[in-house]
Each structure stands twice: as structure tokens, then as C-alpha cells.
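Coordinates in review
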Amino acid sequence: MTEDYSFSCPQTAIISRIQCRVVALDQRGHGETKVRSPEDLSAESMARDIGNVVEALYGDLPPPIMLIGHSMGGAIAVHTAAANLVPSLLGLCMIDVVEGTAMDALNSMQNFLRSRPKTFKSLEGAIEWSVKSGQIRNLDSARVSMVGQVKQCEEATSPEGPKGLVEGIIEEEEEDEEENGGQSINKRKKEDDTETKKERPYTWRIELSKTEKYWEGWFRGLSNLFLSCSIPKQLLLAGVDRLDKDLTIGQMQGKFQMQVLPQCGHAVHEDAPDKVAEAVATFLVRHRFAEPVGGFQCVFPAC
């Protein structure tokens, strides 16, 4: 199981390599799923959501499942595994999330969020920003995942900005068949929605700044929680410098498989979906959790 639109590209690549089913989970508050308390983004609530989705899909006899999550999604996957909310869990994969690095980044998170554009004139503009800013380095991935990250505003705005709506009333000159005192031109105001300049901009689907009270709960103690899970584990990173002390020791002790995918940004699975798919597929075949298809050949990593 994966989470959200951002896994669309890697999930296609995964199923082309191994026999499996990929379920992309729409986390509460992130997409169109409706829940009773969408503002409750605590690790406990989102972990329970995963367990509930598995139960709804498969009942009391779920098939063997591997949880894969990126960043916050990776942290929630670990919380889910540690709480034993998926009884048939056989594997766990975190993508570019490490407790030490995440906790350090929280101090500057609000500044980062304030630096982002509040709105975009179009969906294409949002996609362009995501690539030019380096948030996503793969245009194909950006075209898929940004659709889930933004939503269209309910009210239209003028091209100059959000202040003052264009009313859609314009003046036109039309010929009138009835001559009136030698005048055949009649000025009138006409409302024509197809010719107005109303625009409905796009804004972020979730206001991350309002979730600050949950941030520490996502990541505090994550490394030891990850290491405590007895199932086979995988950690995919954009750079080895992201490792904290606990994970460095755990990796040296062989408690999990680590693989570094260089030349990627934080969104590793979007920047290099084929490499992530190869790493995940190899992990599953190596542990005999899945069978290769399409002539897929495993290349086991050195670490």
C-alpha cells in the first residue's frame, strides 16, 4: 500500500516488474476523502485510517501487505506497523524520512510554507512552479501529483488579483433592425459568461501551517519505532547525510536494508519513479514476497 497521487508513477513501474496489487491511500485532509474530523491529523488517527481501509478492503483475511510511505506518509506507515493495525503486514518501506533530519527541519517549516505561492492562476502554473522550485524534479510526476495537492478556489477573481470580482457585464454595440429617429445603433449592456475574464485560481488543498501541533508527533521517536518493527524493513534516501545516529547504528547492525538514490530531491519517488520501483520490487523478490514479471532481473544493492 502507498499513499496519495504522488505514487502514481512509481506504482505503474512496480506492477510492471512484480506480481502485486498497489493501493494508493488518500490520507485524511489531503484529498477528497470525507471523514468526521478532517482537521485531526495526529499520527494515531491517520494510522487507524490505514487499518480501517485494509479492513474495509479485505475484511478479516487481508492478503500479505507491505506499507510504503514518503516523508510524513512514511512516518505514518511506521506508526501503523508499530501499532499492529495491519495484521498481515510483511514489509515496511520509508522513503526519505529520518527522525533527526525531520525534527531539525520543523524549525524552519513555517518559513518554507510562507515562501510558497498562496495561489496559482492555473493548474499548469502550479505544475510549472513545482518543477522550477525543485519541489519535484520530474515533469511527468508533477503533472500527476500536483492535481492532488491543489484545488480550484470557489470564487472567481480578476486577473489583477483576488480583490474585486469581474462582474461579467460588458458594453456592446449592436445593430437594431428597427430604426429609431435615424439611429440604427443601440448600446446595451450584455451579460455573457463566455466572454468575461473571470478566473478561478488554484490554492493548496491542505493548509499545512495549521497542522503544526501534529508535526512533532509524526516524527518524535520515529527511528527507534522503525527499528523496533520485527518485519523486514527498507529505507530509501536521497542522500546518506540524512541518516541520524540511531539509524546509522541500526544500518550497521543490518536491521534494515538501506539504499541511496542520488541526484534526487526530497520527493525521491517522484524524481526517480523507476529507480524506486526497482528498489521496492527487488526488496520484495529478495524476501520472496512477490514474483518477478516481464523478465525483471533483481540487482541487489550493496547496502
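Residues numbered from 1 in each chain as written. Predicted model: local features only at pLDDT ≥ 70, side-chain atom pairs only at ≥ 80, totals over all residues. Heavy atoms only, no water.

As a reminder of what qualifies: UniProt positions are given in the numbering used here, feature names are shortened, and annotations may be inferred rather than shown by experiment.
Going by the annotation in an unreviewed UniProt entry, the name recorded for the protein is Protein phosphatase methylesterase 1, with Ranitomeya imitator given as the source organism. Per UniProt, the comment on the protein under Function (unreviewed entry) is "Demethylates proteins that have been reversibly carboxymethylated. Demethylates PPP2CB (in vitro) and PPP2CA. Binding to PPP2CA displaces the manganese ion and inactivates the enzyme." Within the UniProt record for the protein, the comment given under Catalytic activity (unreviewed entry) is "[phosphatase 2A protein]-C-terminal L-leucine methyl ester + H2O = [phosphatase 2A protein]-C-terminal L-leucine + methanol + H(+)".

**Re the overall build of the protein**
This is how the line gets drawn: Elements are defined by DSSP. Helices are runs of H or I of four residues or more, strands are runs of E of two residues or more, and each kind is numbered from the N terminus. When accessible area is computed with a 1.4 Å probe and restricted to protein chains, residues below 20% of their type maximum are described as buried, those above 50% as exposed, and intermediate ones as partly exposed. Note on areas: Shrake-Rupley, 1.4 Å probe, and residue coverage restricted to the protein chains presented here.
Within the protein, the regular secondary structure consists of twelve helices and eleven strands. The burial tally for the protein puts 44% of its 303 residues in the buried class. Split by element, the accessible area of the protein, about 17,000 Å² in all, is 48% carbon and sulfur.

**Looking at the pairing of strand 4 (residues 89–95)**
Threshold: Any two strands with at least two DSSP bridges between them are considered paired.
By the criterion of burial, strand 4 is predominantly enclosed, with seven of the seven residues buried. Two elements, strand 3 (residues 65–70) and strand 4, share six bridges in a ladder whose sense is parallel. Bridge pairing in strand 4 places Gly69 opposite Met94. As paired elements, strand 4 and strand 10 (residues 233–237) share four bridges and run parallel to each other. By the bridge assignment, Cys93 is partnered in strand 10 with Gln234.

**Considering the sheet that holds strand 4**
Our working rule: For every element, the axis is a line fit to its C-alpha atoms; helices are fit only across the contacting stretch, and the angle between N-to-C directions ranges from 0 to 180 degrees. Two residues qualify as a contact provided that any one of their heavy atoms is within 4.5 Å of a heavy atom in the partner residue.
Taken in spatial order, the four strands of this open sheet run 3-4-10-11, and their pairing is parallel. Where the open sheet ends on each side, the last strands, each with one partner, are strand 3 and strand 11 (257–260). Between one strand axis and the next, the sheet turns through 15° on average, direction left out of account. On the sheet, helix 12 (residues 273–286) packs against strand 3, strand 4, strand 10 and strand 11 and is oriented at approximately 165° with respect to strand 10.

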